[in-house]
Amino acid sequence: MNRLEIRLSGFGGQGIIRSGEIIGKAAVLYDGKFATFTQSYGPESRGGACAAQVAIADDPVELSYPHVIDPSVLVIMSQGGYNKYVPEFRRDGLLIVDSSLVELDEAAEGLKVLGIPATRLAEEMGRRIVANVVMLGFIAAVTHLTSPDALRNAVLSSVPKGTEALNEKAFEAGLAYGKEL
Amino acid sequence: MGIEMQGYRLDKTMEQHEEAEGWVDEIHGTHPMDDLLRTDRLPHIWCPGCGLGTALTCFLSALRKSKFDLDKVVVVSGIGCTGRVAGYVRLDSFHTTHGRAIPFATGLKLGNPALKVVVFSGDGDLVTIGGNHFIHAARRNMDITVICVNNFNYGMTGGQAGATTPVGGVTSTSPYGNYEYPFNVSALAAASGAVYVARWTVLHARRLERSIHEALLKPGFSLVEIISPCPTGFGRRHKQREGLDTLHYYHEHGVIKHGADPRETDIGLSGALVEGKFVDLDKPTFLEQRSRRLAQALEK
Amino acid sequence: MSDKTHAGVLSGEFFMQGDIACAEGAICAGCRFFGGYPITPATEVAQWMSERLPVVGGMYIQMEDELASMNAVLGASWAGIKAMTATSGPGFSLMMENLGLGIMMETPCVLVNVQRGGPSTGLPTLVGQGDMMQARWGSHGDYAIIALAPSSPQEIFDLTIDAFNLAERYRTPVLVMTDAEVGHMTEKVVIPPPDEIEIVPRRKPTAPPGEYMPYYVAPGEWVAPMAVAGDGYRIHATGLTHNEKGYPATADDSSQWPLIQRLIDKIEKNRDDIIVLEENGLDDAEVAVISYGIAARTAIWPMQMARAEGIRVGLLRLVTVWPFPDAAIYDLAGRVNGIVVPEINMGQIVREVQRAAAGRTQVISVPHPGGGIHDPYKVLDAIRRAAGRKVEV
């Protein structure tokens, strides 16, 4: 099995679902792999807890079970997501948090944790909405889920026309932050 | 539609209109409807004294005068005595399920906007079980003509009460008299957005024919409500044993009030039976609205 | 509006959600009318159609309910347009009324059910497969139906095209029975070039008006060519039992017999043409898993675990669920020690498997009430039981 699993969680409106989709798209369209992206959400459009899951593999048969069960990477952008997913997260996994929104406690003990103030960096760029893209740049730097180029391409081909420059800037900011660690 | 309509001045008599529009010769002419009827389906199932024959004749003469290409005219009916009209006209015709003629017709019209789509069905079908479709098609100003024959009951199945049965009306399911408030079909259409609403009894056949003709030419959702005798299901329980008794009733109680506020045209078991053309206004149809909006949005 | 040939086919590779793959499949198949009513988890099909159809010369309308949606689809089909609607459980129930009308009038169209947990409002956002028997028997009266069950976004795309083609070939509504899991899943979807997509066009009459009878079926054929409104044939179609002219014939059973028999036979006697099955590892199998849609897909992992334990297990995936592949299952039942049927309902298709297996082997149901996919270990345990292995409880 060379199936890789990642889960992202935050609150509705943060672009969590979109980020999961972009990671899957990067793997499929730009890395030539296979990926299954699933989402879970409550009835709220904004503010409710939401999660995106992506499984990536070289062979589609490894994606026959579509749900992410035991991710090796967990990306958390809200305290609610932290409380829900961190206690059960595998101890040899990589926990990535938006350090401007999430406080660590004993649930993260023993975990490898990497933090980036994605929301604060996005706000400094004037657009809080690109926090998820900052996070994607960071993910590209610190994981091997997809190549940085693939993820960048997936971001740029997914964002609304006219916002490419802003999103690229956000992506590069996250990537640079990750490389400096 | 390419057909010029003569102005319809409400203060003129029918005779003046006939003269003005050159129909005088046709008024007393014969009515060779065979080419518009599936003669191999006759005789029809309707009872003696029923008004549906008159309603159908008025429709067919209005249709002929409309000069539509009859290969492009479609009649859609639901279920019930009136619903059988679709089976008798020699036109593309669909006899659908109970209450669903209007959405079926909507699909036909949107599938081929070149078609002239007419829904011909009864009150029970159109505004009782199909009431939701009726109001929404009117709301959209869907490009269809609806002819609703209202006989205040479910005739085919033995005279049960429906949403049009007047308070006090005795039917086989309101044996002690109906105690529900009824719908006023014309007012319902007007309130929902219909651009043309007229009501006539089958006694006022020429006026009825004229209104159907106008409705057929009217772009958008047009409604002609036809008040019609049902001696078997309804009349005989209301001292109108024969169809003719009901026609006498229409003669005595019919009041022509063109332009009447539809809300003031409720029909009871007694009192005035207000007839006339209640609504005739211009408003972009569903298809016009759609084309306009899409042209704007997709141009960018 | 665009009049370019194949303007609707977006050939290429995509990372696409199942519901959207459904809409794109429909457009590739030539669908140019969608009448629907939004309902989770099928709403994305409507949303996508509302955006795409206008730019490929099609017509989208949101109807007032699912009764109206189904009728609008039938009306559009009778206007000569390939038409579709998509819904989920509660809407599927409302569509049952006029699914029957479509069957009776022999109206080609496609109805997609993105199944969710039921009954009633149930689990709006979560998976179910509890409408499989409703798909077969949900409208009143006797009839046969074609229902397909995709298990990935790519397959939703492919089977939606197949559904349109089957609808035209057999002049009947065809059901695509997908589910919330596959409908909301995003995966790689390849849309082929237009010339690689098989499209079955509508067969129009060649007889002149006056000679054409809308329901006269020539010897050796199963359906009549279909004239539509505006073709000049002045046709009549009704939901009543009718004769070859399309006229009501309700006085006795003389028209009912040939009509109903043909409506059933045109599907049941063409099983070989209609039924698609996918076999995997059945050649040496001692245990067979029979499943469909998402449940068949999630059975693969426990099957791999069972194989690792030395249990020779194979999969028969029902791509076509209706008509039911009786013969293939009867044959398989004679070759294996047991059959396992996982499905996300409390045991619907397992009844058909039991019937088709005719007692030749044990049939073990692995039910799930909806709201999630199978725990792989429950399927594994059932496979172990079917193989005669001890199962620790």
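Rules of the game
- Residues numbered from 1 in each chain as written.
- Chains lettered and ligands numbered in written order.
- Predicted model: local features only at pLDDT ≥ 70, side-chain atom pairs only at ≥ 80, totals over all residues.
- Heavy atoms only, no water.
- Helix = DSSP H or I, 4+ residues; strand = E, 2+ residues; numbered from the N terminus.
- Rg over C-alpha atoms; globule rule 2.2 N^0.38 Å.
- Buried < 20%, exposed > 50% of the residue type's maximum accessible area, 1.4 Å probe, protein only.
- Contact = heavy atoms within 4.5 Å.
- Buried area = accessible area lost by both parts, 1.4 Å probe.
- Nonpolar A, V, L, I, M, F, W, Y, C, P; charged D, E, K, R; others polar.
- Salt bridge = Lys/Arg side-chain N within 4 Å of Asp/Glu carboxyl O.
- Domains from an automatic or database assignment.
- Axes fitted to C-alpha atoms, helices over the stretch in contact; angles between N-to-C directions.
- Parallel < 35°, antiparallel > 145°, perpendicular 65-115°, else oblique.
- Left-handed = near helix turned anticlockwise from the far one by under 90°.
- Expected span 1.5 Å × (residues − 1).

## Some thoughts on the overall build of chain C
- For chain C, the count of helices and strands is 14 helices and 16 strands.
- In terms of C-alpha radius of gyration, chain C reaches 21 Å, essentially the compact-globule figure of 21 Å for 393 residues.
- C-alpha atoms of chain C, sized along the principal axes, occupy 70 × 50 × 40 Å.
- Considering chain C as a whole, with its 393 residues, one finds that 63% of them fall into the buried category.

## Some details on the interface of chain C and chain A
- If you look at the interface, chain C gives 20 residues, while chain A gives 19 residues.
- With both chains or domains summed, chain C and chain A bury close to 1700 Å², and 63% of this area falls on carbon and sulfur atoms.
- On the chain C side of the contact with chain A, Phe15(C), Lys188(C) and Trp301(C) bury the most area, a combined 34% of that side's loss.
- Element by element, the count of residues in the side of chain C that touches chain A is highest for strand S1 (residues 12-17) of chain C, at four residues.
- Here the side of chain C that touches chain A is composed, by residue class, of eight nonpolar, seven polar and five charged.

## Here's the deal with the pattern of salt bridges
Residue and element names in this part refer to chain C.
- Summed over the entire model, instances satisfying the criterion amount to 42 salt bridges over all chains.
- Close ionic contact of Glu187 with Arg297 constitutes a salt bridge, the shortest N to O distance being 2.6 Å. A residue pair is termed long-range when its members are at least 10 positions apart, and Glu187 in strand S9 (residues 186-191) and Arg297 in helix H10 (residues 293-298) qualify at 110 residues. Taken individually, Glu187 and Arg297 each receive the classification buried, so the pair is uniform in this respect.
- Notably, a salt bridge pairs Glu268 with Arg271, separated by 2.5 Å at the nearest N-O pair.

## Some details on the domain arrangement of chain C
Residue and element names in this part refer to chain C.
- Taken domain by domain, chain C consists of domain 1 (12-196) and domain 2 (276-386).
- For domain 1 and domain 2, the distance between their C-alpha centres works out to 26 Å.
- Taken together, the contact pairs 26 residues of domain 1 with 22 residues of domain 2.
- Remark: the boundary between domain 1 and domain 2 carries two salt bridges.
- The residue Arg317 makes a salt bridge to Glu155 at a minimum N-O spacing of 2.8 Å.

## A closer look at the packing of helix H3 (residues 66-78) of chain C against helix H4 (residues 89-105) of chain C
Residue and element names in this part refer to chain C.
- Where H3 meets H4, the axes come as close as 7 Å, and the angle between the chain directions of the two elements is 25 degrees. With respect to H4, the element H3 is oriented roughly parallel. Where H3 crosses over H4, the handedness of that crossing is right-handed. Together, Glu66, Leu67, Ser69, Met70, Asn71, Leu74 and Trp78 of H3 and Gly91, Leu94, Met95, Glu97, Asn98, Leu99, Leu101, Gly102 and Met105 of H4 make up the contact between the two elements.
- Counted by class, the contact of H3 with H4 contains nine nonpolar, five polar and two charged residues.

## Here's the deal with the interface of chain B and chain C
- In this assembly, 40 residues from chain B lie in contact with 42 residues from chain C.
- Both faces combined, the contact of chain B with chain C buries some 3300 Å², and carbon together with sulfur accounts for 58% of it.
- Among the residues of chain B in contact with chain C, His95(B), Phe104(B) and Arg290(B) are the three that bury the most area, contributing 17% of the side total.
- Counting across the chain B and chain C interface gives four salt bridges.
- Residue Arg100(B) is joined to Glu97(C) by a salt bridge in which the shortest nitrogen-to-oxygen separation is 2.6 Å.
- Residue assignment for the side of chain B that touches chain C shows that the elements contributing at least two residues are helix H4 (85-88), strand S2 (92-95), helix H5 (101-111), helix H7 (131-140) and helix H11 (286-299) of chain B.
- Of the residues forming the side of chain B that touches chain C, the biggest block, seven residues, is contributed by H5(B).
- For the side of chain B that touches chain C, the class distribution of residues is 15 nonpolar, 13 polar and 12 charged.

## Focus on helix H1 (residues 16-30) of chain A
Residues and elements named next belong to chain A.
- With 15 residues, H1 should cover 21 Å at 1.5 Å per step; its first-to-last C-alpha distance of 20 Å lies within 8% of that length.
- Turning to H1, its buried residues are Ile16, Ser19, Gly20, Ile22, Ile23, Gly24, Lys25, Ala26, Ala27 and Val28.
- Phi turns positive, to about 70 degrees, at Gly32, one or two residues after H1.

## Re unusual backbone geometry
- For the bond from Thr40(C) to Pro41(C), the omega torsion is 0 degrees, close enough to zero to count as cis.
- Looking at where Pro41(C) falls in the secondary structure, it is placed in the loop between strand S2 (31-36) and helix H2 (43-52).
- Look at the link from Gly118(C) to Pro119(C): it is a cis peptide, with omega at 0 degrees.
- Looking at the element boundaries, Pro119(C) is found in the loop between strand S5 (109-117) and strand S6 (123-127).
- A positive phi angle, near 55 degrees, is found at Asn141(B), a position not held by glycine.
- Relative to the helices and strands, Asn141(B) resides in the loop between H7 and strand S4 (145-150).
- Asn141(B) sits in the buried class, given a relative accessible area of 1%.

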